[in-house]
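Architecture and fold: a report
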Amino acid sequence: MSADVRLLAEPFDPAEILRSFTAGLPGAGGIVSFLGQVRAGGGVEALELRHYEPLTWPAMQQLAGRVTGRWSLDGLIVIHRSGTMLPGEPIVFVAAAARHRRDAFAAADFAMDHLKSESWFWKREKVAGAWRWIEPRDQDIEDLARWA
C-alpha cells in the first residue's frame with residue numbers, strides 16, 4: 001500500500017477527495033478522516049502558511065511512511081495546503097482506511113499530531129489588517145509526546 005501525499009498551493013475539495021479515496025477501498029471496514037480548516041471568528045481575516053519545499057515534501061512523505069509502517073492500513077491520504085487561505089477554507093486533510101476502525105483512528109490521529117507538532121510550515125494570521133506569526137501551542141507538544 002502506498003500513501004497519497006500532496007502538498008498543494010491551491011484550494012482542494014475534501015468531499016471529492018474522500019469520495020474518490022473511499023471508492024477505491026471496498027475492503028476497508030473503517031475509514032477515518034480529518035479536515036482542518038481556517039477558523040472563522042476572533043477577527044481572523046486570513047491565514048498564511050509558508051514552507052521550504054525541499055524540507056517539507058520529503059518530511060511529509062516520511063511521515064506517511066511512518067504511519068503505514070506502524071498500522072495495517074488499506075489506504076492513507078495526507079494533503080496540506082500552503083499559501084494564503086480565508087476562513088472556512090481547507091488547510092489539511094488526512095484519511096486512513098483499514099480493515100478495522102481502531103487502526104484507522106490511530107493512524108489518522110498520529111498523522112495529524114505529527115503534522116501539527118512537527119510542522120514544516122510557518123504560520124501567520126491576519127487580524128485587523130495586520131499579520132502576526134503563530135507559535136506552536138503547549139497542547140500540540142503534549143499531543144505529540146503521547147506517541148513516544
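Rules used in this analysis
- Residues take numbers from 1 onward in each chain, read along the sequence in its written order.
- Local features in a predicted model are, by the rule used here, given only for residues with pLDDT of at least 70; side-chain atom pairs are given and counted only at 80 or more, and totals for whole chains, interfaces and linings are based on all residues.
- Note: side-chain values were computed over all heavy atoms of the structure, leaving out hydrogens and water.
- Strands are runs of DSSP state E lasting at least 2 residues, helices are runs of H or I lasting at least 4, and numbering of each runs from the N terminus.
- Throughout, exposure labels follow a simple rule: accessible area from a 1.4 Å probe, protein chains only, divided by the maximum for the residue type, with under 20% read as buried, over 50% as exposed, and the rest as partly exposed.
- Contact criterion: two residues are considered in contact whenever any of their non-hydrogen atoms come within 4.5 Å of each other.
- Here, nonpolar core refers to any group of buried Ala, Val, Leu, Ile, Met, Phe, Trp, Tyr and Cys residues whose side-chain atoms link them within 4.5 Å.

**Quick word on the side chain of Ser-82**
Its location among the elements puts Ser-82 in the loop between β4 (75-81) and β5 (83-85). Residue Ser-82 is classed as buried on the basis of its relative accessible area of 8%. Excluding residues that lie within four positions of it along the chain, Ser-82 makes contacts with Leu-8, Ala-9, Leu-49, His-51 and Phe-121.

**Thoughts on the nonpolar core**
Val-67, Trp-71, Leu-73, Leu-76, Val-94 and Leu-115 are the most contacted members of the largest nonpolar core, which has 33 residues in total. Where this core is concerned, the elements lending two or more residues are β1 (4-8), β3 (44-51), α2 (53-70), β4, β6 (90-98) and α3 (101-117). Examining the composition of this core, we find that eight residues originate from one element, α3, more than from any other. What Val-67 contacts, discounting residues up to four positions off in sequence, is Leu-73, Leu-76, Ala-107, Phe-110 and Ala-111. In this structure, Ile-17, Ile-77, Phe-93 and Ala-97 belong to the second largest nonpolar core, which totals 10 residues.

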